[in-house]
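# A closer look at the structure
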Amino acid sequence: MSDDDRAHWDAKYVDRVAPDADAIGVDAVFAVHRDAFPDEGQAIDVACGQGAGAIWLARRGLQVHGFDISAVAIEQARALAERSGVGGRCRFDVADLDDGLPGGPPADVIYSARFRDRRLYRPMMDRLAPGGLLALCALSQVGGTAGRFRAAPGELRAAFSGLEVIAAGEGQGLAWLLARRRGDEVPSAG
Ligand SMILES: C[S@@+](CC[C@H](N)C(=O)[O-])C[C@H]1O[C@@H](n2cnc3c(N)ncnc32)[C@H](O)[C@@H]1O
């Protein structure tokens, strides 16, 4: 990512009000499926922003590692995790996902809200522990505008066809997928 893009995201977060710690929830598209998420294990939040998703997972009982390009957002996420009483279950680091998914142990949950990078689809699948849950939502061309940052029609289902789909949807400019890696199978990339 260029320095300009990094500065762009930092500038967006500098004046952004932190989410209310008492009102933190999973992204709205996953809300009706919240019971599908485990309450223990390891999770990663890819492009975590201010950390709301990570903190929601940590409150369930998971150990969560969040990454984002914005140092401003990462500081806000750390502070919010402390205020939310889950600082001990959260770790947040600045990382440029253009360089790939940072390494780590197999994940019981991979969560990524409102971010898309097709190059990460395969590394995300490889990182899922057997039985692990993938929760992705990204801007979509379906019901939205065209653009290189938006998922093409059917993109998420095709990319993660090796996983067992729990729920998926696309429309109104958003695509989302909740899917699980089966037992000990090695998932195939679509
Ligand atoms: C629309 S925000 C979503 C943030 C958060 N997941 C949420 O749901 O509130 C997209 C996030 O992607 C991050 N991002 C964009 N490009 C990135 C990159 N190359 N590496 C890491 N993070 C990136 C931005 O800093 C921003 O926090």
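About the thresholds
Per chain, residue numbering runs from 1 following the sequence as it is written. Reporting in this predicted model follows two pLDDT cut-offs: at least 70 for local features of residues, and 80 or more for side-chain atom pairs to be given and counted; totals over whole chains, interfaces and linings ignore these cut-offs and use all residues. Hydrogens and water molecules were not included; the side-chain quantities draw on all heavy atoms of the structure. Being near a molecule or strand, for a residue, comes down to having at least one heavy atom within 4 Å of it. Definition of a polar contact: a pair of N or O atoms within 3.5 Å, with one able to donate and the other able to accept a hydrogen when the atoms are protein atoms, and with sequence-neighbouring residues admitted only if both atoms are side-chain atoms. Here the accessible surface of atoms and residues is derived via Shrake-Rupley with a 1.4 Å probe, and residues count as covered only by protein chains that are part of the display. In this count, Pro and Cys sit with the nonpolar residues alongside Ala, Val, Leu, Ile, Met, Phe, Trp and Tyr, while Asp, Glu, Lys and Arg are called charged and the others, Gly among them, polar. Strands qualify as paired when DSSP identifies two bridges or more between them. Helix and strand assignments follow DSSP, with helices taken as H or I runs no shorter than four residues and strands as E runs no shorter than two, numbered in order from the N terminus. For every element, the axis is a line fit to its C-alpha atoms; helices are fit only across the contacting stretch, and the angle between N-to-C directions ranges from 0 to 180 degrees. Residue contacts are counted whenever heavy atoms from the two residues lie within 4.5 Å of one another. Here a Phe, Tyr or Trp ring, Trp counted by its six-membered ring, pairs with any other such ring whose centre lies within 6.5 Å, and the pair is stacked when the planes are under 30 degrees apart, edge-to-face when over 60, and tilted otherwise. Partly exposed residues are those whose accessible area sits between 20% and 50% of the maximum for their type, while under 20% is buried and over 50% is exposed, using a 1.4 Å probe and protein chains only. UniProt positions are given in the numbering used here, feature names are shortened, and annotations may be inferred rather than shown by experiment.

Under an unreviewed UniProt entry, the name given to the chain is Class I SAM-dependent methyltransferase, and the organism recorded is [Mycobacterium] nativiensis.

If you check the shell around the ligand, you find 16 residues, and the closest are Y13, A47, D68, L97 and A113. Within the side chain of D68, one N or O atom sits 2.6 Å away from an oxygen atom of the ligand. Look at the ligand: alone it shows 590 Å² of surface, and the protein chains cover 82% of it. Residues that form the shell around the ligand fall into these classes: 10 nonpolar, 2 polar and 4 charged.

In space, the 7 strands of this open sheet follow the order β3-β2-β1-β4-β5-β7-β6, with mixed pairing throughout. Looking at which strands have only one partner, the edges of the open sheet turn out to be β3 (90-94) and β6 (164-171). Direction aside, the axes of adjacent strands within the sheet are offset by 10° on average. Contacts from helix α2 (residues 52-60) reach β1 (42-46), β2 (63-68), β3 and β4 (107-113) within the one sheet, and its direction differs from that of β3 by about 160°. Lying over the sheet, helix α3 (residues 71-83) contacts β2 and β3, oriented at roughly 170° with respect to β3.

For the structure shown, the criterion picks out 6 aromatic pairs. Centre to centre, the rings of F30 and W176 are 6.1 Å apart; their planes meet at 85°, and the pair counts as edge-to-face. Residue F30 is located in the loop between α1 (3-14) and β1, and its partner W176 is located in strand β7 (residues 174-180); the two are separated by 146 residues in the primary sequence. As far as the burial class goes, F30 and W176 line up, both buried. Pairwise contacts between aromatic rings join F30, F37, W56, Y111 and W176 into one cluster.

Here we come to the UniProt feature "domain: Methyltransferase" (unreviewed entry) in the chain. Per the UniProt entry, the sites bearing "domain: Methyltransferase" (unreviewed entry) are residues 44-132 in this numbering. The span residues 44-132 is 33% helical and 29% strand by assignment, and the distance between its end C-alpha atoms comes to 11 Å.

Along the chain, the position of Q50 falls in the loop between β1 and α2. Using a relative accessible area of 10% as the deciding quantity, one classes Q50 as buried. Once the C-alpha coordinates of Q50 and Y13 are considered, the two residues, 37 residues apart in sequence, prove to be 8.2 Å apart. A distance of 3.0 Å separates polar atoms of two side chains, one belonging to Q50 and the other to Q76.

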